[in-house]
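# Structural features, examined
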Amino acid sequence: MNKKIFVYSAILVSILAANTISAQEKTVDQSANLSVYRVTPTKVNDLVHTKLDVSFDYVKRYLYGKEWITLKPHFYATDSLTLDAQGMDIKTVALVGAKGNTPLKYVYENNKLFITLNKKYTNAEKYTVYIAYTAKPDELKVQGSAAITDAKGLYFINPDGADKTTPIQIWTQGETESSSAWFPTIDKPDQKTTQEISMTVQSKYTTLSNGKLISQKANTNGTRTDTWKMDLPHSPYLFMMAVGDFKITKDTYKGKEVNYYLEPKYAPFAKQIFGKTPTMMKFYSDILGVDYPWNKYAQVVARDYVSGAMENTTATLHGEHIQKTDRELLDGNEEGTIAHELFHQWFGDYVTAESWSNLTMNESFATFGEIIWHGYDEGKDAEDKSRYEKLQSYISSTKNGESPILARFYYKDKEDMFDNISYAKGSVILYAMKNQMGDAAFYKGLNKYLTANAFKNGETHQLRLAMEDITGKDWSPYFNQWYYAGGHPILAVDFGYENGKATIKVKQTQDAAVQTFTLPVKVNIYAGGQKISKEILINSREQTFSFEVSAKPDLIDFDADKIVVGEINDNKVAENYYFQYKNVPTYANRIEALQFIMQSKAKSGQKILLDALKDKSGDLRALSIEGLNLADAEVKAAALPLLLQMAKSDKNTEARAAAINKLAETGDQTYKALLVDGVKDRSYRVIAASVAGLTKLAPQEGLTALSSLDEDTKDHIASSIASLYINDPKDEHQAFYDNIMDNGDKNKIFGVIGQYFQYLRANTNPKVTEKGVKSISNAIERLKLQNYLNKQLSGAYAATAQGKSQQATSASGEAKSNLNKQAEIFKKAAAELGKE
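Remember, it's a predicted structure, so these values are computed and weren't measured experimentally. Residues take numbers from 1 onward in each chain, read along the sequence in its written order. Owing to the predicted nature of the model, reporting of local features is limited to residues with pLDDT of at least 70; listing and counting of side-chain atom pairs is limited to 80 or more, with chain, interface and lining totals taken over all residues. In computing side-chain properties, one takes all heavy atoms of the structure into account and sets aside hydrogens as well as water.

## Quick word on the overall build of the chain
Put simply, the test is: Counting from the N terminus, the helices are the DSSP runs of H or I reaching at least four residues and the strands are the DSSP runs of E reaching at least two. As a reference, a globule follows 2.2 Å times the number of residues to the power 0.38, and the radius of gyration itself is taken over C-alpha atoms. Exposure classes here rest on a 1.4 Å probe applied to the protein chains alone. A residue is buried below 20% of its type maximum, exposed above 50%, and partly exposed in between. Contacts are assigned to residue pairs that have any heavy atoms within 4.5 Å of one another. Note on areas: Shrake-Rupley with a 1.4 Å probe; residue coverage comes only from the protein chains shown. Charge assignment in this entry is limited to Lys and Arg as positive and Asp and Glu as negative, and neither His nor the chain termini are counted. The location of each charge is read from NZ of Lys, CZ of Arg, CG of Asp or CD of Glu.
The number of helices and strands found in the chain is 27 helices and 29 strands. The C-alpha radius of gyration computed for the chain amounts to 29 Å, which stays within 12% of the reference 28 Å derived for 836 residues, consistent with globular compactness. Referenced to the eigenvectors of the C-alpha coordinate spread, the extents of the chain come out at roughly 95 × 70 × 55 Å. Every one of the 836 residues in the chain was classed for burial, and the buried ones make up 58%. Pairs at least 24 apart in sequence give 68% of the contacts found in the chain among residues at least 6 apart. Of the roughly 34300 Å² that the chain leaves accessible, carbon and sulfur atoms contribute 49%. Mean positive and mean negative side-chain charge positions of the chain (100 and 101 charges, respectively) differ by 2 Å.

Here is the structure:
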C-alpha cells in the first residue's frame, strides 16, 4: 500500500504557520499502554478456496452474496468454524454435500460467524460451507486510520448519479482486515486461498478482479455476469473488485496481459501514465531471479479512494491522483507509486507478511522497490535522491533518536503499523543491508526468501535465515539492532587535524534510553590532492579515530556511501562544503552543501549556488535559485542571464517556476513580457508562478491575467490562487475557498486548506471566520480526514484565538469587537476539533 495522503499532509507543514504541524506518516503514540503482545491468531482452520457470486443494490448500497468457502483443519481435528463477517445479514449457512446442502447451526454476533459443523473433521479432510448473505458496508460502524481513512471494505461511489462530476463506481479495500465486510472469511494475512468471483453488473460497466476473466454471460435483464478466477493462493485482504465506466488500454509482459483501467477522459494518456510497467516487471523479475509470478497485471484508478494505492494481487487499485493528462504529466508523474505497488506483487502478495507485526516484510520492501526502480530508470543520482528523501522523511517524524521497533509485537492498533517506520525507515535499513552484503549476495538472499516461502507467509527471521544461508554470515546482530530494537543513532562528528594526522571524534548523542549502535562506516579523506579510503567501526558512545595524511584535509567525507540510518551532525566549515559540492558530488553531498550555503548566507557560497544552477537534478537547481542573493550586484549580474534562460527553457518545471519567481522578485518591469508569456504556457506549475510573479510586478495585470484563465487552469492552480488571496483577504474571495471545501476531493482540499486557514486569520470579518471554520469542518467530515487534520487545525485555531485576543487589547471600537468575536470563534472551533 502506498499512502499518498502523507504527501499532501507534508504540504500543510509550511502552510499552517500558526503552530507546528506534523507532516509525518501516522505517529505511534509512545505514551500509549502497549503492554499487550500481539500474538499471531491460532490457525484452527485453513482457507483452501473461496467462490463468490455477488450482485449490487445501488440504492441501498448493499451487496447480495452467495459464497462457497472450502477449508480444512490446520492440524487438530475440529467440529467448528469461526469466520469474520462484518455488518452482514446472514441468510443461510449450510454444508455442501454430494446430495445437496445440509443446514448448519450458527451464531452471528460481534461481527463473527460461529458455525457448528456436522462432524469433527481431520486435517486430511476438506469441507465446503455455503453462505447466503447481504453485506451492508454503509451501515457498518468502523474506524479508519491515518493510512486508510475508512475501513468498511466495499465502497459505492456516487451510486445514484446525483453528482454529475463524479462517475458511478464500486470498489473494495481489504487491508487491513476489511474484506470480511463484503464476504465472510478468516480475515488474517497468514491465510491463503484460491478464489473465483462472479459479479453481476449493469451491462454498460466494466469489471475487474483478481486473476483471469474466464467468462462473461449476458443476462436478459440488461445485466452481465463476469467471472474472474485466481488459481494461485493469496490472502483475503488482497481480494478486490472494481466496477465502473473504465476504458481498458492493453499492454503485455512476456505474453501476459498488462492492462490499464482508466476513466475515458484519461484513457488516451494511459501509456504515458503506466507505460513503463512492463519494463518495471522485467527489471524486478531479473533482479530478484523470480519472474513475475501471476497470470496478469492490471491497474485501475478509482474515485474517492481511502488511501494512496493498494497492491491487490494481479490488480492494483490507485487513487485518482495518479490519473493525469499529458499536460498534467509535464509537472510530474507517479512512477514511484506505480513501482511501489508492483514490487508488492512479490513482497506482500507472493510472500505475505505473517502478521501485521511483520508489516516491514511488505511495506519496507515496496518502498525499497521504489528506490531501486529510480536508479534503474534514471541513474544512480535519482536512486540516491530517492533514498535520501526516505531517510529524511523518517527522521522528520522522530525526536532525540527515538522511534518504535520495526518488527514490533506491541502496538495499540494494527493500523498503527502503517507508519514511517514500516515504510521509510525499513526501506533504508534494507538498502544499508544491501551495501554491507554487496548487491549479488543481497539479491540472491531475496531470491532465497521468495522461493522458500512462495505463496506462503514470511517474517523477519525467515529473511535473516535466507541471508545467512547465502552469505554464510550470522546476521543476528544486524537484525537485533535494526529490526528488533528501535531508534536511530545521532552522531556528533568532530573533524580535526594536527601533526600530520586527521582525527575523527564520534559521539552517539541519541537519547540515553535508545540503544548504542554498531555502525560500519566508510570514510574518504581528501588531502593533498589524494583520496584516502578507510573503514571504521563505531560501537560505543564515544570514539576517536586518527589517520596519517600528507596535508590538512580539504574534506573528510564521513559515511561516504550514505548508508547510516540516522542523523550526522559535524563541524565542517564553508570551505569543506564548497569542496564537497564540486569534488564529491553525490546527491546527499550536493543537497547538504547547498543547504549549508543557504543557511550561512555567506557571499563566498554564492559562487557555488551559481554553479548549482546547472546541477543535474532539477530540484537542486530550484533550491539553488532560492538561495541566490540578488541584492548583491555581482551575484545579480551573473545570475540574471542564467535565470532568464532557465525561466524560458529549463526542462524541469519546478526549476523553471523557481526561476520565474526569482526574476519577479527583482521588481524589474522588463520581465513582465516573460511572465505574460508564462501565463500562456502548458505547464500548470509555470502558469501559477507566472501569475504570482505578474501580480508582484503589476498587481492589476496579474489579477486580470488570473481572471482570463480557463476554468481547467484555475482548477489546477487553485493552491496558488489560494495563496494570492491570503495577501488580499477580501470577503468576496471566501466563495473561492468554500467551493473547494464543498466540492473538492482530498487532493483539492489538501491543496488549499492551509491557505484557507491563513486567509481566515488575515480576514477581519467574524461572519467570514464563522462560515470558514464551519466549511473546513464540513470538508473534513465529508472526506473523513479527521486523522490527518483535527489535531493540527485544533492547535492552529487555538494559537490564532490567542493572537486575536492579544490584538484586541490594543484595538478599540468595532475593530476590538470583531477581534474578540473572531477569537471566540477560533477558540470554540479548536475545542470542537480537539474533542473528536
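That covers the picture; the talk isn't over yet.
## Let's talk about the pairing of strand 7 (residues 112-121)
As a reminder of what qualifies: Strands pair, by our definition, only if DSSP identifies at least two bridges between them.
Note: strand 3 (residues 78-84) against strand 7, 6 bridges, orientation antiparallel. Among the inter-strand pairings, T78 is bridged to a residue of strand 7, identified as Y121. Pairing between strand 6 (residues 105-109) and strand 7: 5 bridges, direction antiparallel. What sits directly across from Y108, in strand 7, is L113. Once strand 6 ends, the chain turns through 2 residues before running back antiparallel as strand 7, passing N110 with a positive phi of about 50 degrees.

## Thoughts on the sheet that holds strand 27 (residues 542-548)
Within a sheet, neighbouring strands are paired by backbone hydrogen bonds and run either parallel or antiparallel to one another. Our working rule: Interaxial angle, 0 to 180 degrees, is taken between N-to-C directions of lines fitted to C-alpha atoms, where a helix line uses only the stretch in contact.
Ordered in space as 27-24-23-29, the 4 strands form an open sheet in which the pairing is mixed. Taken across any chain shown, the strands that pair with only one partner, and hence form the sheet edges, are strand 27 and strand 29 (567-570). Neighbour-to-neighbour, the strand axes of this sheet turn through a mean angle of 20 degrees, independent of strand direction. Where strand 23 (residues 490-498) and strand 29 come together, 4 bridges link them in parallel fashion.

## Some remarks on the pairing of strand 1 (residues 45-57)
Two elements, strand 1 and strand 2 (residues 62-73), share 12 bridges in a ladder whose sense is antiparallel. If you follow N45 over to strand 2, its bridge partner there is P73. What sits between the antiparallel neighbours strand 1 and strand 2 is a turn of 4 residues, in which R61 has the positive phi angle 60 degrees. Of the strand pairs in this sheet, strand 1 and strand 11 (residues 193-202) are connected by 7 bridges, and their pairing is parallel. Within the sheet, the bridge partner assigned to V54 lies in strand 11 and is M199.

## Some thoughts on the packing of aromatic side chains
For the record, the criterion: Within 6.5 Å between ring centres, the rings of Phe, Tyr and Trp (the latter by its six-membered ring) count as paired, and their orientation is classed by plane angle as stacked under 30 degrees, edge-to-face over 60, tilted in between. Charge-over-ring contacts are defined here by two conditions on Lys NZ or Arg CZ: a distance within 6 Å of the ring centre and an angle within 35 degrees of the ring normal.
Counting across every chain of the model gives 52 aromatic pairs. Taken together, a centroid distance of 5.8 Å and an interplanar angle of 40 degrees make the contact between W373 and Y376 tilted. Highlighted residues: W373 and Y376, both in helix 6 (residues 360-378), separated by 3 residues, approximately one helical turn. Since its relative accessible area comes to 48%, Y376 is described here as partly exposed. Each member of the aromatic cluster is reached from another via a ring pair, and the members are F283, Y284, Y292, Y297, F343, W346, F347, F365, W373, Y376 and Y449. The ring of Y121 is capped by K119, whose NZ or CZ atom sits 4.9 Å from the centre of that ring. Cation over ring: K473 sits above W475, and NZ or CZ is 4.3 Å from the ring centre.

## Some points on the confidence of the model for the chain
Rules: Each residue carries a pLDDT score, the predictor's confidence in it, ranging from 0 to 100.
With 95% of its residues at a pLDDT of at least 70, the chain reaches an overall mean of 94. Here residues 5-11 scores under 50 on pLDDT; set against residues more than four positions off or in separate chains, the count is 19 contacts. In the predicted structure, residues 17-32 sits below a pLDDT of 50 and forms 44 contacts with residues beyond four places in sequence or in another chain.

## Some words on the packing of helix 13 (residues 587-600) against helix 15 (residues 618-627)
Any two packed helices are characterised by the angle at which their axes cross and by the distance between the axes. Rules: The labels follow the angle: roughly parallel below 35 degrees, roughly antiparallel above 145, roughly perpendicular from 65 to 115, and oblique for the rest. What makes a crossing left-handed is the near helix being turned counterclockwise from the far one by less than a right angle; a clockwise turn instead makes it right-handed. Gly is put with the polar residues, along with every residue not named as nonpolar or charged; the nonpolar set is Ala, Val, Leu, Ile, Met, Phe, Trp, Tyr, Cys and Pro, and the charged set is Asp, Glu, Lys and Arg.
The interhelical angle for the contact between helix 13 and helix 15, taken along N-to-C directions, is 10 degrees, at an axis separation of 9 Å. The orientation of helix 13 with respect to helix 15, classified from their angle, is roughly parallel. Between helix 13 and helix 15 lies a crossing whose hand is left-handed. Contact with helix 13, carried on its side by Y587, R590, I591, L594, Q595 and M598, involves D619, L620, L623, E626 and G627 of helix 15 and no other residues of that element. Tallied by class, the residues present in the contact of helix 13 with helix 15 amount to 6 nonpolar, 2 polar and 3 charged.

## Considerations on the pattern of salt bridges
Applicable threshold: Whenever a carboxyl oxygen of Asp or Glu lies within 4 Å of a side-chain nitrogen of Lys or Arg, that contact is scored as a salt bridge.
A full pass over the atoms with the stated rule returns 36 salt bridges. With its nearest N and O atoms 3.1 Å apart, the salt bridge here joins E177 to K188. Taken together, the residues span a long stretch of sequence, with E177 in the loop between strand 10 (169-172) and strand 11 and K188 in the loop between strand 10 and strand 11 at a distance of 11 residues. With a closest N to O distance of 3.0 Å, K434 and D439 form a salt bridge. For D439, a relative accessible area of 42% translates into the label partly exposed. Several salt bridges converge on common partners, so that one network encompasses R61, D138 and K152.

## A closer look at the sheet that holds strand 19 (residues 309-310)
An order of 16-17-18-20-19 is seen for the 5 strands of this open sheet, with the pairing classed as mixed. Here the strands that pair on one side only, and so sit at the sheet edges, are strand 16 (247-253) and strand 19. Relative to the sheet, helix 3 (residues 277-288) contacts strand 16, strand 17 (256-262) and strand 18 (296-302), its axis offset from that of strand 16 by approximately 35 degrees. Sheet strands in contact with helix 5 (residues 335-344) are strand 18, strand 19 and strand 20 (315-319), and its direction is about 150 degrees off that of strand 20.

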